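So the chains spell out like this:
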Amino acid sequence: MSKVRIIFICILLITVAACSSPEEKKAKHLSRGLKYFNEGKYNEAIIEYKNAVQISPKDSEGHYRLGLALIRSGRLQDLSNAYKELSQAVEINPDIMDAQIQIGNILLLSREYSKAKEKGEMVLKKEPSNVDAHLLLGNAFAGLNKDGDAIREVKKAIELDPKRITSYLNLGGIYVTQNNLNEAERVYREAIAIDTKSIQARLALANLHYLGKDMTAAEEGYKEAISIDPKNLNLHITLGRFYSSQKRYKEAEAKYIEAGGVDPKNPLSQIILGDLYLFQKRDDDAVKAYQKGDEIKPDDLTAKKRLASFYLTKTKIDESLKYVDKILEKNSNDQEGHSLKGRIFLAKLKVSEAISEFQKVLKDEPGRSDVRYFLAQAHMIAGDLQLSKNELTEVLK
């Protein structure tokens, strides 16, 4: 290739790059983010939206979309970041009503019911017929133990959108907290009449029967849900857990094994099966189930954590460490991995290393009382009795 041609190509590339303005780049990231979001690829969507807000930090839509993707990721640790992004979105543009509602829902999860109530009321001042705002306000009132107000708001949501099943589930849930099981059953049955294929409504009714100790009706409800969506792994797991709660362990085992065939690429059924075996003191079977779960999806750390914890309780330290190292190799910030490594160091009487691992966990998860307990043990072995006492005091709070 001649020098002239190389120079021409370089000039062309520079020109094309220059023609792509920051606004165009932002639009591409937002567009790709929306595509990933709609496909359920939330991690990919998060990356695209982060790129968009990095280009344009004052773009309210970018912060809003990033907040939604963080919520949908399903990771509890992402909720605080979602709250931050949504708050930035409404600071820039207070009229993004769904962002205000999503902030309110996060506040509900944080049990900040008064603040959630303020968000619901603020949205309803601007949009009196906003169904989500009425539900937010209803749930906030329920958290504040104002059941009458809660029922009024959720009934208003039903009046505005009679076919939205989640509103009936909210209303039924409020009646359950009042121990008004008959009214809750009426509401759940009304939801099923509106949508006979609603799995959520059938599960709510089955759970209600379980609460009312009508185990025959509960079992039938769980089976009806499976008949609607037989490929839904979680429904099979739910029925298996029901059997286990009734000490029908053989039926639970059979259901978990059946669930493994429903979704062979998902390790969950093997992990739950391993938990059942461990409860029954069938250690060898438990290890085999966990190992099979790990083989099915090596990138999922759950089975590795189960195996690491199992071997640690059996004082098979080297076996436990093997799995802990794999966990931290996959995710160096995994808090459970650091907790397990701290316990291994503690078992080896490597006190300073154990303390360091426990402190890493507590820096991000200060509410972990189990880790504080082990940290207290480490300080006691080190002879720091006051520090040990301080940690035990935190455990007992």
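Residues numbered from 1 in each chain as written. Predicted model: local features only at pLDDT ≥ 70, side-chain atom pairs only at ≥ 80, totals over all residues. Heavy atoms only, no water.

The helix and strand inventory of the chain stands at 23 helices and zero strands. Considering only C-alpha atoms, the chain reaches an extent of 70 × 65 × 50 Å along its principal axes. The long-range fraction of contacts in the chain, counting pairs at least 24 apart against all pairs at least 6 apart in sequence, stands at 42%. Counting every atom, the chain has about 22100 Å² of accessible surface; 52% of that belongs to carbon and sulfur. Put simply, the chain has 62 plus and 57 minus side-chain charges, and the middle of one group is 2 Å from the middle of the other. (Helix = DSSP H or I, 4+ residues; strand = E, 2+ residues; numbered from the N terminus. Contact = heavy atoms within 4.5 Å. Areas by Shrake-Rupley, 256 points an atom, 1.4 Å probe, with all protein chains shown as cover. Lys, Arg positive; Asp, Glu negative; His and termini not counted. Charge placed at Lys NZ, Arg CZ, Asp CG, Glu CD.)

Averaged over every residue, the pLDDT of the chain is 92; residues scoring 70 or more account for 95%. Scored below 50 in pLDDT, residues 12-19 shows one contact in the model against residues more than four places distant or in partner chains. (pLDDT = per-residue confidence, 0-100.)

What the rule picks out here adds up to 34 salt bridges. For the salt bridge of Glu251 with Arg248, the shortest nitrogen-to-oxygen distance reads 2.8 Å. Classification of Glu251 by relative accessible area gives partly exposed; the value is 36%. Between Lys304 and Asp294 there is a salt bridge; the shortest N-O distance is 2.6 Å. Linking Lys304 in helix 18 (residues 302-313) with Asp294 in helix 17 (residues 283-296), this pair joins segments that are ten residues apart in sequence. In this pair, the class of Lys304 matches that of Asp294, namely buried. (Salt bridge = Lys/Arg side-chain N within 4 Å of Asp/Glu carboxyl O. Buried < 20%, exposed > 50% of the residue type's maximum accessible area, 1.4 Å probe, protein only.)

Two elements in contact, helix 19 (residues 317-330) and helix 20 (residues 335-347), have axes whose closest approach is 9 Å; the angle formed by their N-to-C orientations is 150 degrees. Here helix 19 is positioned roughly antiparallel relative to helix 20, judged by the angle of their axes. Helix 19 and helix 20 meet at a crossing whose hand is left-handed. Facing helix 19, whose interface residues are Ile317, Ser320, Leu321, Val324, Asp325, Ile327 and Leu328, helix 20 presents Gly337, His338, Leu340, Lys341, Ile344 and Ala347. Grouping the constituent residues of the contact of helix 19 with helix 20 by class yields eight nonpolar, three polar and two charged. (Axes fitted to C-alpha atoms, helices over the stretch in contact; angles between N-to-C directions. Parallel < 35°, antiparallel > 145°, perpendicular 65-115°, else oblique. Left-handed = near helix turned anticlockwise from the far one by under 90°. Nonpolar A, V, L, I, M, F, W, Y, C, P; charged D, E, K, R; others polar.)

The next thing to look at is the nonpolar core. Judged by nonpolar contacts, the single largest core of 55 residues is most densely connected at Tyr49, Tyr64, Leu171 and Tyr188. Counting residues in hydrophobic clusters, the runner-up holds 38 residues, among them Ile271, Val287, Phe310 and Val324. (Core = buried A, V, L, I, M, F, W, Y, C linked by side-chain atoms within 4.5 Å.)

Attention shifts here to the side chain of His379. Residue position: His379 is located in helix 22 (residues 369-382). Apart from the residues within four sequence positions on either side, His379 is in contact with Ile355, Asp384, Leu387, Ser388 and Glu391.

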